[in-house]
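Breakdown of the fold
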Amino acid sequence: MNFDFEPEESDLFRIEDALFADTFTRENRYRFSGQELKITQTFSSNLGVAAPVWEAAVSLCQYFEEKKFDFTGKRVLELGAGTGIVGILVALLGGDVTITDLPHALKQIQLNVSSNMPAGCRNFPRVRALAWGKDHHDFPSDYDLVLGADIVYLQDTYPALLRTLDHLCGEGTTVYLSSKMRREHGAVVFYEEQLPRYLEAELVHRNDCENISIFRGTKKTHVPFREAKKR
């Protein structure tokens, strides 16, 4: 895999103007693990695909509920958060959470964080910009958990995503990625061929009706990323 190609950020994370020609806001309520979440989605050409709560994010929240996850004391980072629903739930369940996305999505995330976290909460999530392959060096490399929901959908971004995962993950980090398995977008190839080169990844949940898969991974320590990417 060639990691030397550096497309412009605006090309990698395209905002589909035609999808959201009109601006409108929708508020939805969700309940997971005894926590009620109120999530605002601002549909506009500015936010594009960052606006909605995608089904893969709901599935990841449901998975955490089903498995009775306790995030108390865990340092967690969410990639490509969009609305922030996953990171907010994890924070409410005790996690020390950093929620990230591109700058244009941060206002929506911050709004949802403020709407859902109790006043005076000690583990109020941090909301920060992170462009994959560029800003990841501003973040530590020892998170307990790295999360992503429906972030595998643009093939040109996959090398940058892998570089970012490599930086964020230490030996004790566990990655959870929840994805709509869109074959036409290369999601199947990403999970079956690309990700396993760098993470010990396994399928832990499958929703056939929604075509959503959740993968858990840990960083491979016997093949350094900097060497593997040259092959």
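The structure presented is a predicted model; accordingly, all values stated were derived computationally and were not measured. (Residues numbered from 1 in each chain as written. Predicted model: local features only at pLDDT ≥ 70, side-chain atom pairs only at ≥ 80, totals over all residues. Heavy atoms only, no water.)

Let us now look at the sheet that holds strand β3 (residues 75-79). Two orientations exist for strands paired in a sheet by backbone hydrogen bonds: parallel and antiparallel. Strand order in the open sheet made by the 7 strands is β5-β4-β3-β6-β7-β9-β8, with mixed pairing throughout. At either margin of the open sheet sits one strand with a lone partner, and together these are β5 (126-129) and β8 (199-207). Each strand of the sheet is rotated relative to its neighbour by a mean of 20°, with strand direction disregarded. Summarising the sheet, β3 and strand β4 (residues 96-101) pair through 4 bridges and their orientation is parallel. Paired with Glu78 across the two strands is Ile99, which belongs to β4. Lying over the sheet, helix α2 (residues 55-66) contacts β6 (145-149), β7 (174-180), β8 and β9 (212-219), oriented at roughly 135° with respect to β7. (Pairing = 2+ DSSP bridges. Helix = DSSP H or I, 4+ residues; strand = E, 2+ residues; numbered from the N terminus. Axes fitted to C-alpha atoms, helices over the stretch in contact; angles between N-to-C directions. Contact = heavy atoms within 4.5 Å.)

Time to look at the environment of Gly172. Within the secondary structure, Gly172 sits in the loop between α5 (158-168) and β7. A relative accessible area of 61% means that Gly172 is categorised as exposed. (Buried < 20%, exposed > 50% of the residue type's maximum accessible area, 1.4 Å probe, protein only.)

β6 sits mainly inside the fold: 5 of its 5 residues count as buried. Burial along β6 is two-sided: Leu145, Leu147 and Ala149 and Val146 and Gly148, pointing in opposite directions, are all buried. Where β3 lies against β6, 4 bridges are found, and the strand directions are parallel. Among the inter-strand pairings, Leu79 is bridged to a residue of β6, identified as Gly148. Pairing of β6 with β7 involves 5 bridges; the strand directions are parallel. Residue pairing in the sheet places Ala149 in a bridge with Ser178 of β7.

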